[in-house]
Amino acid sequence: TRTNLGYHAILKTDFESAIQRVTEALKNEGFGVLTEIDVKETLKKKLDVDFRPYKILGACNPHLAHRALTIDPQVGLLLPCNVVVSQVEEGTVEVSLVDPISMLGIVNSSELEVVAREARTRLERVAASLQNN
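None of the values given here were measured: they were computed from a predicted structure.

Things to note about a negative patch on the surface
Stage number 1. Among the surface-exposed residues, Asp14, Glu16, Glu89 and Glu90 lie close enough to one another that they form a single negatively charged patch.
Stage number 2. Along the chain, Glu90 falls in the loop between strand E4 (81-89) and strand E5 (92-98).
Stage number 3. Residue classification places Glu90 among the exposed positions, given a relative accessible area of 71%.

As structure tokens, this is what we get:
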């Protein structure tokens, strides 16, 4: 499903299984996970507050990133593509994937738009594969 910032899928599974499924689906589209931010752990450590399981994955497709950075090195400010995995309730996990086109909305480059469209297509397929499994 598409939202203003990207796409999302609802998974009927536990949180750790969802992380594994998302990572595998990204891998199938040529993305690796470069960073993983555990928001729940960070909020507990820094603010001593409890929060639901929530991770931000920094996904990168090296070929697309290289193409984009070759066109405009400043596009690194928009990389990697964020994917949020958050537990909505026990047994239900929401996955949100950024839309690269919405990220590039501030950049006026037809060359970069071509790369962003390819990234968008790949991330759309990730969302669809997660929703259909």
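From this point, the discussion proceeds with the structure in view.
What to know about the sheet that holds E4
Stage number 1. Spatial ordering of the open sheet is given by E1-E5-E4-E3-E2, a layout of five strands whose pairing is antiparallel. The sheet terminates laterally at strand E1 (6-11) and strand E2 (32-38), the two strands that pair on one side only. Between one strand axis and the next, the sheet turns by 20° as a mean value, whatever way the strands run.
Stage number 2. The pairing of E2 with strand E3 (residues 54-60) spans six bridges and is antiparallel. Within E3, the residue paired with Gly32 across the bridge is Cys60.
Stage number 3. Packing of helix H1 (residues 15-28) onto the sheet brings it into contact with E1, E2, E3, E4 and E5, and relative to E4 it is tilted by some 155°.

Details of the state of the cysteines
Stage number 1. In the structure shown here, the tally under the stated rule is zero disulfides.
Stage number 2. Looking at the unpaired Cys60, the closest cysteine sulfur is the one in Cys81, lying at 7.6 Å.
Stage number 3. Judged by relative accessible area, which is 16%, Cys60 ranks as buried.

Notes on the pattern of salt bridges
Stage number 1. In total, this model carries eight salt bridges according to the counting rule given.
Stage number 2. A salt bridge links Glu36 to Lys55, with the nearest nitrogen and oxygen atoms 2.9 Å apart. On the criterion of sequence distance, the pair formed by Glu36 in strand E2 and Lys55 in strand E3 is long-range, its members being 19 residues apart.
Stage number 3. By relative accessible area, which is 10% here, Lys55 ends up buried.
Stage number 4. One salt-bridge network, in which partners are shared between bridges, spans Lys44, Asp48 and Asp50.

A short note on the environment of Ser102
Stage number 1. Within the fold, Ser102 resides in helix H4 (residues 100-103).
Stage number 2. It is 12 Å that separates the C-alpha atoms of Ser102 and Leu112, two residues lying 10 residues apart in sequence.
Stage number 3. Non-local contacts of Ser102, meaning those with residues more than four positions away in its chain, are made with Asn4 and Leu5.
Stage number 4. Within polar-contact distance, the side chain of Ser102 engages the backbone oxygen of Asp99 at 2.7 Å.

Comments concerning the pairing of E3
Stage number 1. Burial runs high along E3: seven of the seven residues are buried.
Stage number 2. Side chains of E3 alternate between two faces, with Tyr54, Ile56, Gly58 and Cys60 and Lys55, Leu57 and Ala59 buried alike.
Stage number 3. Pairing between E3 and E4: six bridges, direction antiparallel. From the neighbouring strand, Ile56 faces E4, where its bridge partner is Val84.

Scoring rules and cut-offs
Position numbers for residues count from 1 along each chain, tracking the sequence in the order it is written. Local features in a predicted model are, by the rule used here, given only for residues with pLDDT of at least 70; side-chain atom pairs are given and counted only at 80 or more, and totals for whole chains, interfaces and linings are based on all residues. Excluding hydrogens and water, the side-chain figures rest on all heavy atoms present in the structure. Think of a patch as exposed residues, more than 30% relative accessible area, with no salt bridge, where like charges cluster within 9 Å and nonpolar side chains (Val, Leu, Ile, Met, Phe, Trp, Tyr) cluster within 5 Å. With residues, only the protein chains shown are counted as cover, and all accessible areas are computed by Shrake-Rupley using a 1.4 Å probe. Any carboxyl oxygen of Asp or Glu that lies within 4 Å of a side-chain nitrogen of Lys or Arg is treated as forming a salt bridge with it. By the counting scheme adopted, Arg and Lys are positive, Glu and Asp are negative, and His together with the chain ends is not counted. Think of each charge as sitting on NZ of Lys, CZ of Arg, CG of Asp or CD of Glu. A helix here means a DSSP run of H or I that spans at least four residues, while a strand means a run of E at least two residues long, and both kinds are numbered starting from the N terminus. Burial classes: relative accessible area under 20% of the type maximum marks a residue as buried, over 50% as exposed, and values in between as partly exposed (1.4 Å probe, protein chains only). Following DSSP output, two strands are said to pair if at least two bridges run between them. The convention used is that axes are lines fitted to C-alpha atoms, helices contributing only their stretch in contact, and that angles between N-to-C directions extend from 0 to 180 degrees. Note on contacts: a residue pair qualifies if any of its non-hydrogen atoms lie within 4.5 Å across the two residues. Disulfides are defined as pairs of cysteine sulfur atoms found within 2.5 Å of each other. In protein, a polar contact means a hydrogen-donor-capable atom and an acceptor-capable atom, both N or O and within 3.5 Å, with residues adjacent in sequence counting only if both atoms are side-chain atoms; elsewhere, any N or O pair within 3.5 Å suffices.

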